[in-house]
Amino acid sequence: MKRSRVNEIISEADEFIRSFGYILPPFAYWTPSEMKDKQDQIDNILRSGLGWDVTDYGQGDFDGLGLFLFTVRNGDAADLGKGRGMLYAEKIMISRHDQISPMHRHTIKAEDIINRGGATLALQLYNDDGTGEGIDTSGEVEVFTDGIRRVLPAGGILELSPGESVTLLPGNWHKFWGEGGDVLIGEVSTVNDDRTDNTFLDPIGRFSEIEEDVDPIHLLVSDYEKWFGVGGNSGY
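Residues numbered from 1 in each chain as written. Predicted model: local features only at pLDDT ≥ 70, side-chain atom pairs only at ≥ 80, totals over all residues. Heavy atoms only, no water.

Going by what an unreviewed UniProt entry lists, the protein is known as D-lyxose ketol-isomerase and is assigned to Pelagibacterium flavum. The protein has a UniProt comment under Catalytic activity (unreviewed entry) that states "D-lyxose = D-xylulose". (UniProt positions renumbered as here; feature names shortened; annotations may be inferred.)

We now examine the overall build of the protein. Tallying secondary structure elements over the protein gives four helices and twelve strands in all. Taken over C-alpha atoms, the radius of gyration comes to 17 Å for the protein, in line with the 18 Å a tight globule of 236 residues would show. Long-range pairs, those at least 24 residues apart, make up 75% of the contacts in the protein with a sequence separation of at least 6. A total of about 10500 Å² of accessible surface is found on the protein, and carbon and sulfur atoms cover 47% of it. Measuring between centres, the 21 positive side-chain charges of the protein sit 5 Å from its 41 negative side-chain charges. (Helix = DSSP H or I, 4+ residues; strand = E, 2+ residues; numbered from the N terminus. Rg over C-alpha atoms; globule rule 2.2 N^0.38 Å. Contact = heavy atoms within 4.5 Å. Areas by Shrake-Rupley, 256 points an atom, 1.4 Å probe, with all protein chains shown as cover. Lys, Arg positive; Asp, Glu negative; His and termini not counted. Charge placed at Lys NZ, Arg CZ, Asp CG, Glu CD.)

Below, the discussion takes up the packing of aromatic side chains. Aromatic ring pairs are reported here in terms of the distance separating the ring centres and the angle at which the planes meet. Per the stated rule, a full pass over the model turns up seven aromatic pairs. Relative to Trp 30, the ring of Phe 27 lies with its centre 6.5 Å away and its plane at 65°, an arrangement referred to as edge-to-face. Residues Tyr 57 and Phe 200 carry aromatic rings whose centres are separated by 5.9 Å and whose planes lie at 75° to one another, so their mutual orientation is edge-to-face. Taken together, the positions of Tyr 57 in the loop between β1 (51–55) and β2 (67–74) and Phe 200 in strand β12 (residues 198–200) put the pair 143 residues apart, joining distant regions of the chain. By the burial criterion, Tyr 57 is buried, and Phe 200 matches it. Cluster of aromatic residues (ring-pair linked, three or more members): Phe 27, Trp 30, Trp 52, Phe 68 and Phe 70. (Phe/Tyr/Trp six-rings, centres within 6.5 Å; stacked < 30°, edge-to-face > 60°. Buried < 20%, exposed > 50% of the residue type's maximum accessible area, 1.4 Å probe, protein only.)

Another point: the pattern of salt bridges. Going through the model one piece at a time under the given rule, you end up with 15 salt bridges. Its salt-bridge partner being Glu 8, residue Arg 5 comes within 3.3 Å of it at the nearest N-O pair. Here Arg 5 pairs with Glu 8, and both are found in helix α1 (residues 3–18), just three residues apart, close to one helical turn. With a relative accessible area of 24%, Arg 5 lands in the partly exposed category. Notably, a salt bridge pairs Arg 47 with Asp 43, separated by 2.9 Å at the nearest N-O pair. Here the residue Arg 47 and the residue Asp 43 both occupy positions in helix α3 (residues 43–48), the gap between them amounting to four residues, near one helical turn. (Salt bridge = Lys/Arg side-chain N within 4 Å of Asp/Glu carboxyl O.)

For Asp 98, which is not glycine, the phi dihedral falls at a positive 60°. In this fold, Asp 98 is placed in the loop between β3 (88–95) and β4 (101–106). One non-glycine residue, Asp 146, lies in the positive phi region at around 55°. Structurally, Asp 146 is set in the loop between β7 (141–145) and β8 (148–152).

On to the nonpolar core, then. Formed by 29 residues in total, the largest nonpolar core has its most connected members in Trp 52, Val 54, Phe 68, Phe 70 and Tyr 224. At the level of elements, α1, α3, β1, β2, β3 and α4 (224–228) are the ones that each hand at least two residues to this core. Here this core gets five residues from one element, more than from any other, and that element is α1. Of all hydrophobic cores here, the second largest spans 21 residues; its members include Leu 125, Phe 176, Val 183 and Ile 185. (Core = buried A, V, L, I, M, F, W, Y, C linked by side-chain atoms within 4.5 Å.)

For α1, spanning 16 residues, the distance from its first C-alpha to its last is 23 Å, which sits close to the expected 22 Å at 1.5 Å a residue. For α1, every residue scored as buried is listed here: Arg 3, Val 6, Asn 7, Ile 9, Ile 10, Ala 13, Asp 14 and Ile 17. Mapping the buried residues of α1 onto a view down its axis gives an arc of 160°, with all of them on the same face. (Expected span 1.5 Å × (residues − 1). Arc of directions from axis to C-beta.)

On to the side chain of Arg 96, then. By secondary structure assignment, the location of Arg 96 is in the loop between β3 and β4. Polar side-chain contacts of Arg 96 include one of 2.8 Å to the side chain of Glu 12. If near-sequence neighbours (up to four positions away) are discounted, Arg 96 is found in contact with Arg 5, Ile 9, Glu 12, Phe 62, Asp 63, Trp 177, Gly 178, Gly 181 and Asp 182. (Polar contact = N/O pair within 3.5 Å; in protein donor to acceptor, adjacent residues only side chain to side chain.)

It is worth spelling out the pairing of strand β5 (residues 111–128) at this point. Burial analysis of β5 places 13 of its 18 residues in the buried class, which makes it a mostly covered element. Across four bridges, the pairing between β5 and strand β10 (residues 165–168) is antiparallel. The residue bridging Glu 111 from the neighbouring strand is Leu 168, located in β10. Of the pairings in the sheet, the one linking β5 to strand β9 (residues 157–160) comprises four bridges and is antiparallel in character. Paired with Leu 121 across the two strands is Leu 160, which belongs to β9. With two bridges joining them, β5 and strand β6 (residues 135–136) adopt antiparallel strand pairing. The residue of β6 that forms the bridge with Asn 127 is Asp 136. As consecutive antiparallel partners, β5 and β6 are separated by six residues, and within that stretch Gly 130 has a phi angle of approximately 100°, a positive value. (Pairing = 2+ DSSP bridges.)

Given below as structure tokens:
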């Protein structure tokens, strides 16, 4: 993706998010130079992978296969073994009309996916086949939507209207998209490390390759290692 396109997506996303009354934290609007100036204050932002995330999964087709995310908070996955600490994460995402977030599952993370506003959020769901690498194409899928038990056939489509949510547990394979328009999505989850906790059904990349045709208006989480020598661990 060209950096100019990433800049456009960030600006469009901020406008869409604000239209629902959701305001991002102040650090979201710092320029790269401001982040450099505050580097001694932002170690937690960098290590936790807080901030902007725009991905086309390395496929060069953001409108067809992509996702916008902003990680608002995220703990340290190492604390999971201790059983205490900041064991949770929160993200705000945008799934555009018919824009696919590809089939994947998580190893540790449980998550509530919440339709915060806009159109219908559609999710296709499967169980794990027991290997951790494939889907069960026959078993029924049980999930809870706002505490209500739902059972779908393998590959069934769950549709969430604004205000509705679904709880996905580790091993629940899922892909999702905006049905009939763009959707603002909230995610509340277990802390996770994106470098280890995502498994995609097809071999694709998690982050975009960026062509630097203009300067960034804001850094992406995937820029932190290059700019600061510290890599983030935000997931989705």
